[in-house]
Amino acid sequence: MSFDSIWNYVNSATTASSVTNAVGYITLGNDGQIKFGGSYTSDLNSIQQNAINSGGFSKIFAGGYGMYAAQKENGSLVIFGYTTNNSSDELPVINKLLNSVVTDVRFNYGAGAAKLSDGTVVTWGHNGYESEAVKLLTSPAKSSSSGQFQIPLVPEIYISFEPNSKIDAISI
């Protein structure tokens, strides 16, 4: 696994503009609609597609390796990209985020983490990366004027999970 800090970043924007990750982009329009392109943006499931088509977005995120998210004005979040598209394993997470108020988002190479307004952390992606995504969410981060977060992370311990185990919601 690659826990290199180069992948531990989030580009975000709250005004009409585009942000990128290693393999694609997401754009927020003045009308609250989003557009996106690049790797891992073409095979969205119907829940993701319906959320995107309904618009009302106020913030966009891109980071990690092909990870994307867009936050609606009501605080809910739609996630897509690497490890989330067309994955029945991630449907409960996608639905949870679309029905919650999200206060923070972080990505690493293979997973993402979102902090909800009640303090719960929801993760998605590869199990081996999810615990590291939680660490990113709970570590202080500095933002540059471009809205990019650079979070150095060199884990001392690697945590392994059983193949079917998940860390989808834990309380901090």
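Computed from a predicted model, the values in this text were never measured in an experiment. Each chain has its residues counted from 1, following the order in which its sequence is written. Predicted model: local features are reported for residues with pLDDT of at least 70 only, side-chain atom pairs are reported and counted for 80 or more only, and whole-chain, interface and lining totals are derived from all residues. Side-chain numbers here rest on the full set of heavy atoms in the structure, without hydrogens or water.

Residue types Ala, Val, Leu, Ile, Met, Phe, Trp, Tyr and Cys, when buried and joined through side-chain atoms within 4.5 Å, form a set referred to as a nonpolar core. Relative accessible area decides the class of each residue, using a 1.4 Å probe on protein chains only: under 20% of the type maximum gives buried, over 50% gives exposed, and in between gives partly exposed. Core analysis: the largest hydrophobic core is formed by 33 residues, its most contacted members being Ile26, Ile34, Leu77 and Leu97. By the convention used here, residues are in contact when the closest approach between their heavy atoms is within 4.5 Å. Those residues in contact with Leu97 that sit more than four places away from it in its chain are Ser76, Leu77, Ile79, Val102, Ala114, Leu116, Val122 and Trp124. Within the second largest apolar cluster, seven residues are counted, among which are Ala111, Ala113, Val121 and Tyr129.

Attention now goes to the sheet that holds strand E4 (residues 34-38). For two strands to pair, DSSP has to find at least two bridges joining them. Secondary structure elements are defined from DSSP: runs of H or I of at least 4 residues count as helices, runs of E of at least 2 residues count as strands, and each element is numbered from the N terminus. Judged by pairing direction, the sheet is antiparallel, and its three strands sit side by side in the order E2-E3-E4 without closing on themselves. Two strands in the sheet have a free side with no partner beyond their single neighbour: strand E2 (17-20) and E4. Geometrically, the sheet is characterised by an average inter-axis angle of 15 degrees between neighbouring strands, direction not taken into account. As paired strands, strand E3 (residues 24-28) and E4 are joined by five bridges and run antiparallel to one another. Paired with Gly24 across the strands is Gly38, a residue of E4. Fitted lines through C-alpha atoms give the axes, limited to the stretch in contact for helices. The angle between two N-to-C directions lies from 0 to 180 degrees.

It is worth spelling out unusual backbone geometry at this point. Positive phi, close to 65 degrees, is recorded for Tyr40, a residue that is not glycine. As for its placement among the helices and strands, Tyr40 is situated in the loop between E4 and helix H1 (46-53). For Tyr40, a relative accessible area of 33% corresponds to the partly exposed category.

Right, let's talk about the packing of H1 against helix H2 (residues 91-98) for a bit. Between H1 and H2, whose axes approach to 10 Å, the crossing angle comes to 25 degrees. By the criterion of interaxial angle, the relationship of H1 to H2 is roughly parallel. When you trace H1 past H2, the crossing you get is left-handed. Side by side, H1 and H2 meet where Ile47, Gln48 and Ala51 of the first sit next to Leu91, Ile94, Asn95 and Leu98 of the second. For the contact of H1 with H2, a count of residues per class yields five nonpolar, two polar and no charged. These descriptions rest on fixed angle ranges, namely under 35 degrees for roughly parallel, over 145 for roughly antiparallel, 65 to 115 for roughly perpendicular, and the rest for oblique. By the definition used in this description, the sense in which the near helix is turned from the far one sets the handedness, with an anticlockwise turn below a right angle giving left-handed and a clockwise turn giving right-handed. Basically, the charged four are Asp, Glu, Lys and Arg, the nonpolar ten are Ala, Val, Leu, Ile, Met, Phe, Trp, Tyr, Cys and Pro, and anything else, Gly included, counts as polar.

On to the packing of aromatic side chains. In this analysis, rings of Phe, Tyr and Trp, with Trp reduced to its six-membered ring, are considered paired at centre separations within 6.5 Å, and the interplanar angle assigns stacked below 30 degrees, edge-to-face beyond 60, and tilted for intermediate values. Within this structure, the stated rule accounts for eight aromatic pairs. When the ring of Tyr65 is compared with that of Tyr109, the centres are 5.2 Å apart and the planes differ by 25 degrees; the resulting orientation is stacked. A residue pair is termed long-range when its members are at least 10 positions apart, and Tyr65 in the loop between strand E5 (57-63) and strand E6 (67-72) and Tyr109 in the loop between strand E8 (102-107) and strand E9 (111-116) qualify at 44 residues. By relative accessible area, Tyr109 is classed as partly exposed at 22%. Aromatic pair Tyr68 and Phe80: ring centres 5.3 Å apart, planes at 15 degrees, arrangement stacked. Taken together, the positions of Tyr68 in strand E6 and Phe80 in strand E7 (residues 77-81) put the pair 12 residues apart, joining distant regions of the chain. On the basis of relative accessibility, which here comes to 0%, the residue Tyr68 falls in the buried class. A residue is classified by how much of its surface remains accessible, and Phe80, at 1% relative accessible area, is buried. Only when the NZ of Lys or the CZ of Arg is both within 6 Å of the ring centre and within 35 degrees of the ring normal is a charge said to sit over the ring. The ring of Phe57 is capped by Lys72, whose NZ or CZ atom sits 4.4 Å from the centre of that ring.

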